[in-house]
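Working through the structure, step by step
Spelled out, the chains give:
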Amino acid sequence: MPQTIVIAGSASLRERAEYWKAFWEAKDYQVLDYPKAIARDNFLRDYPEVHRNFFLQIEQTEVFFVMNEDKNGQTGYIGAETFAELTFALAQNLLHDRKIEILLLKMPSAGVQSHEEIKLWLELKWIKLAEFN
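Attention in this report is confined to the structure presented alongside it. Every chain is numbered independently, its residues counted from 1 as its sequence is written. Two thresholds apply to this predicted model, a pLDDT of at least 70 for residue-level local features and 80 or more for giving and counting side-chain atom pairs, whereas whole-chain, interface and lining totals are computed over all residues. Each side-chain value is derived from all of the structure's non-hydrogen atoms; neither hydrogens nor water enter the calculation.

What to know about the packing of helix α3 (residues 80-96) against helix α4 (residues 115-123)
So the rule is basically this: Only the contacting stretch of a helix is used when fitting its axis, a line to C-alpha atoms as for every element, and angles between N-to-C directions run 0 to 180 degrees. Note on conventions: DSSP H or I runs of at least 4 residues are helices, E runs of at least 2 residues are strands, and numbering of each starts at the N terminus. Orientation is classified from the angle alone, with under 35 degrees giving roughly parallel, over 145 giving roughly antiparallel, 65 to 115 giving roughly perpendicular, and any other angle giving oblique. Crossings are assigned a handedness: left-handed for a near helix turned anticlockwise from the far helix by less than a right angle, right-handed for a clockwise turn. Two residues form a contact once any of their heavy atoms are found within 4.5 Å. Here the term charged refers only to Asp, Glu, Lys and Arg, the term nonpolar to Ala, Val, Leu, Ile, Met, Phe, Trp, Tyr, Cys and Pro, and the term polar to all other amino acids, Gly among them.
Axis separation between α3 and α4 bottoms out at 12 Å; the angle between their running directions is 25°. Put simply, α3 runs roughly parallel to α4. When you trace α3 past α4, the crossing you get is left-handed. Side by side, α3 and α4 meet where F83, L86, T87 and L90 of the first sit next to E117, I118 and W121 of the second. A per-class count over the contact of α3 with α4 returns five nonpolar, one polar and one charged.

Looking at the packing of helix α2 (residues 43-60) against α3
Viewed as axis vectors pointing N to C, α2 and α3 meet at an angle of 35°, and their least axial separation amounts to 9 Å. Judged by the twist between their axes, the crossing of α2 over α3 is right-handed. Contact with α2, carried on its side by Y47, H51, F54, F55, I58 and E59, involves E81, A84, E85, F88, A89 and Q92 of α3 and no other residues of that element. Taken together, the residues that form the contact of α2 with α3 break down as seven nonpolar, two polar and three charged.

Digging into the pattern of salt bridges
Basically, it comes down to this: Salt bridges are identified by distance alone: a Lys or Arg side-chain nitrogen within 4 Å of an Asp or Glu carboxyl oxygen. Exposure classes here rest on a 1.4 Å probe applied to the protein chains alone. A residue is buried below 20% of its type maximum, exposed above 50%, and partly exposed in between.
Following the criterion strictly, the structure yields eight salt bridges and no others. Here E69 makes a salt bridge to R16, at a shortest N to O gap of 3.0 Å. With E69 in the loop between β3 (63-66) and α3 and R16 in helix α1 (residues 14-26), this pair connects stretches of sequence that are 53 residues apart. The shortest N-O distance in the salt bridge between E101 and K128 comes to 2.9 Å. Taken as a pair, E101 in strand β4 (residues 101-104) and K128 in strand β5 (residues 128-129) lie far apart in primary sequence, 27 residues in all. Judged by its relative accessible area of 28%, E101 falls in the partly exposed class.

This is the structure we're talking about:
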């Protein structure tokens, strides 16, 4: 049975999200969820359910991958929503004794708001940078 994975990151990077989905599927992972755009005309109606379902998938996954691509002139961009999802995955491990492997694509630059927390969490080995062969 393939390992499960949830991919987090900016939904505005649709092509990169599709790339990472295909990447993990080619490695025989079952992608439970990944960033997808919500239609603007239904955004307020659909957002709560999409957001809730994403968090439910984080509760079920074995691997949580942050595709923190470069965005807005920042290396390894992590926005507020992705940081909240990352924190939720980490909380599953800390509070519920889950063993979710939490991977970041790259170290965020100092300009990224969560930079200091990411540094600390890496030092504590709560999360790690992804290594691809």
